[in-house]
Every structure is written in structure tokens, then in C-alpha cells.
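Given next are the chains, with one letter for each unit.
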Amino acid sequence: MKKKLTETQFTKEFRKHRESKGWLTFKINERFASGFPDLICIKEELVEFIEIKSDKNILTKLQSFTLKKIKDAGGKTKVIIFKSQLDKNEPIEWDERSF
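Residues numbered from 1 in each chain as written. Predicted model: local features only at pLDDT ≥ 70, side-chain atom pairs only at ≥ 80, totals over all residues. Heavy atoms only, no water.

(A) Looking closely at the sheet that holds strand β4 (residues 46-54). Spatially, 5 strands are ordered β2-β3-β4-β5-β7 in an open sheet, and the strand pairing comes out mixed. Strands with a single pairing partner mark the edges of an open sheet, and in this sheet they are β2 (24-27) and β7 (94-98). Looking at each pair of strands side by side, their axes are set apart by 25° on average, direction ignored. Relative to β7, strand β5 (residues 76-82) runs antiparallel, the two being bridged by 5 bridges. Bridge pairing in β7 links Phe82 to Trp94. With respect to the sheet, helix α1 (residues 7-20) is in contact with β2, β3 (39-43), β4, β5 and β7, its orientation differing from that of β4 by roughly 150°. (Pairing = 2+ DSSP bridges. Helix = DSSP H or I, 4+ residues; strand = E, 2+ residues; numbered from the N terminus. Axes fitted to C-alpha atoms, helices over the stretch in contact; angles between N-to-C directions. Contact = heavy atoms within 4.5 Å.)

Following this line, the structure appears as C-alpha cells:
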């Protein structure tokens, strides 16, 4: 039997994982920042702008444009793609892609 993993559920787990590795994570409220990446993660002198997508979704044009602008300005950008359908005891997995 498969279980569905939502973006909200995944984001919560991803943030826990990052924070356990010493990162500060900030979730962006999309009501006020359409197209802006979902998370900003900071560790020492590293700052990453992260967009989270399930394996069923793709980046919008606005999201791609925003990630490109951040990258062009010298920022580090990533897209995290997670598996949205899991077997009962399957661990949460994701693929990190630099944008």
C-alpha cells in the first residue's frame, strides 16, 4: 500500500534534516513572495535558496526566472525533488539538483 507525501510534510522533514546538520532554515510564506524559493538555508558562510518540488510537479516560469536571477547575482540555488508516493515503510528520499 502506498502512502502520499505532501510538499508540506516533506518540507518539515527536510528542514529537520538540515537543522540536524547545523543549518538555519527559513520557510518563505508564498502569499507574499510568489515565485521566490521555498526555503533559505544558512550554515556558516553558505546561503542556499531552495525550491522544493514533488516528483509530480515542475518549476513554474516565474520560479525558474527567480532562481536564475539569484544565481546570476552569485547566490547558490537548488531544486529538491522528493518522491511523493512511498511504500508503507519506505524512507523519505530526495534528489538535490543545482539550478
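(B) Region of the structure containing the pattern of salt bridges. Taken as a whole, this structure holds 11 salt bridges when the rule is applied. Put simply, Glu48 and Lys78 hold a salt bridge, and the shortest N to O gap is 3.4 Å. Within this pair, whereas Glu48 is found in strand β4, its partner Lys78 is found in strand β5, the two being separated by 30 residues in sequence. Take Glu48: its relative accessible area is 3%, and that puts it in the buried class. The partner of Glu96 in a salt bridge is Lys78, and the shortest N-O contact between them spans 2.8 Å. Of the two residues, Glu96 is situated in strand β7 and Lys78 in strand β5; the sequence distance between them amounts to 18 residues. For Glu96, a relative accessible area of 35% translates into the label partly exposed. Through salt bridges with shared partners, a single ionic network connects Arg18, Glu48, Lys76, Lys78 and Glu96. (Salt bridge = Lys/Arg side-chain N within 4 Å of Asp/Glu carboxyl O. Buried < 20%, exposed > 50% of the residue type's maximum accessible area, 1.4 Å probe, protein only.)

(C) Broad picture of the side chain of Lys53. The topology assignment puts Lys53 in strand β4. Although buried, Lys53 forms no salt bridge, and the nearest oppositely charged side chain, Glu51, lies 4.1 Å from it. A distance of 3.2 Å separates the side chain of Lys53 from the side chain of Gln63, its partner in a polar contact. With sequence-adjacent residues up to four places away left out, Lys53 is seen in contact with Glu7, Ile58, Leu59, Gln63, Ile80, Ile81 and Phe82. (Lys, Arg positive; Asp, Glu negative; His and termini not counted. Polar contact = N/O pair within 3.5 Å; in protein donor to acceptor, adjacent residues only side chain to side chain.)

(D) Structural view of the packing of aromatic side chains. Applying the stated criterion across every chain, the model contains 5 aromatic pairs. Ring centres of Phe10 and Trp94 lie 5.6 Å apart, and the angle between their planes is 75°; on these two criteria the pair is classed as edge-to-face. Of this pair, Phe10 sits in helix α1 while Trp94 sits in strand β7; the two residues are 84 residues apart in sequence, bridging distant segments of the chain. Look at Trp94 and you get partly exposed, because its relative accessible area is 28%. A ring pair is formed by Phe36 and Phe49, whose centres lie 6.1 Å apart and whose planes are at 85°; its orientation type is edge-to-face. (Phe/Tyr/Trp six-rings, centres within 6.5 Å; stacked < 30°, edge-to-face > 60°.)

Everything listed here is a matter of geometry and, on its own, says nothing about what the molecule does.
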